Amino acid sequence: MKPYLLPFAAIIATMATALPCYADSAQEALEQANLEKAVYCMEVLEVEFDLETAGQECFGDTYIQHSPHVPDGKEGVLGYFAKRFEKFPNAKMEIKRASADGDLVWIHLHFQRTPDVRGNAVIHIFRMEDGKFVEHWGVGQPVPETSVHGNSIF
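Residues numbered from 1 in each chain as written. Predicted model: local features only at pLDDT ≥ 70, side-chain atom pairs only at ≥ 80, totals over all residues. Heavy atoms only, no water.

Caption draft 1: The arrangement of unusual backbone geometry in detail. The residue Phe49 is not glycine, and still its phi comes out positive at about 55°. Along the chain, Phe49 falls in the loop between helix H1 (6–46) and helix H2 (51–57). Here Phe49 falls in the partly exposed class, since its relative accessible area comes to 28%. Of note in this structure, Asp130 is not a glycine but carries a positive phi near 55°. (Helix = DSSP H or I, 4+ residues; strand = E, 2+ residues; numbered from the N terminus. Buried < 20%, exposed > 50% of the residue type's maximum accessible area, 1.4 Å probe, protein only.)

Quick look at the structure:
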C-alpha cells in the first residue's frame with residue numbers, strides 16, 4: 001500500500017468497525033421508540049378511552065387485523081372500541097410487561113370489563129411502521145381462580 005493511503009485506510013477501518021455499533025444503536029433506538037409509542041397508545045386507547053387521539057396518533061392508514069372478532073382497518077378497530085366503551089364504561093387495563101423486537105412490539109396486560117371480575121390475561125403483538133400500529137395479533141385467556149403450581153398468570 002502506498003504510504004500516503006495509510007491514513008485513509010485507518011479511517012476506513014475505523015468506520016467499518018463503528019458501523020455495526022451504529023446499526024445496533026439505531027435498531028435499539030427504533031425498538032425503544034416503538035415500545036414507548038405502543039405503551040402510550042394502549043394507555044390512550046384502554047385507559048383514557050380517547051378514540052380521537054388513538055385514531056390520529058396510533059393507527060396507520062393501513063391496519064391489518066388478525067383477531068377474528070375485530071374488523072380490519074383503522075375505522076374497524078376504532079368502531080370496535082367505541083362499542084366496547086359504550087357497553088363497558090368501567091373497563092380497566094393494566095400493562096404488566098412489554099418488549100420490542102425490530103418492528104414488532106408485544107404487550108402483556110390484564111384487562112377487566114368490570115372491576116368486580118378477574119378478567120383476562122391478554123397479549124397483543126403489534127407491527128409498527130412510522131410510529132403507528134399497522135398490524136395486530138392478539139391472544140387471551142381468562143384469569144383463573146387457582147393454578148396447579150401457585151404461580152400468578154402475570
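Caption draft 2: Representation of a nonpolar patch on the surface. Taken together, the side chains of Leu104, Trp106, Ile123, Ile125, Trp137 and Val139 make up a nonpolar region of the molecular surface, amounting to roughly 480 Å² of accessible area. Note on placement: Leu104 falls in strand E3 (residues 104–112). A residue is classified by how much of its surface remains accessible, and Leu104, at 34% relative accessible area, is partly exposed. (Patch = residues over 30% accessible without salt bridge, like charges linked within 9 Å, V, L, I, M, F, W, Y side chains within 5 Å. Areas by Shrake-Rupley, 256 points an atom, 1.4 Å probe, with all protein chains shown as cover. Salt bridge = Lys/Arg side-chain N within 4 Å of Asp/Glu carboxyl O.)

Caption draft 3: Molecular detail of the sheet that holds strand E4 (residues 120–129). Taken together, the 5 strands give an open sheet; going across it, the order is E1-E5-E4-E3-E2, and neighbouring strands pair in mixed fashion. Here the strands that pair on one side only, and so sit at the sheet edges, are strand E1 (59–65) and strand E2 (92–101). Within this sheet the neighbouring strands show an average axis-to-axis angle of 25°, counted without direction. The pairing of E3 with E4 spans 8 bridges and is classified as antiparallel. Residue pairing across strands places Trp106 opposite Ile125, the latter belonging to E4. (Pairing = 2+ DSSP bridges. Axes fitted to C-alpha atoms, helices over the stretch in contact; angles between N-to-C directions.)

Caption draft 4: The environment of Pro115, seen in detail. With respect to the helices, strands and loops of the structure, Pro115 is situated in the loop between E3 and E4. A residue is classified by how much of its surface remains accessible, and Pro115, at 58% relative accessible area, is exposed. The spacing of Pro115 and Lys92 is 23 residues in sequence and 6.9 Å in space, taken between C-alpha atoms.

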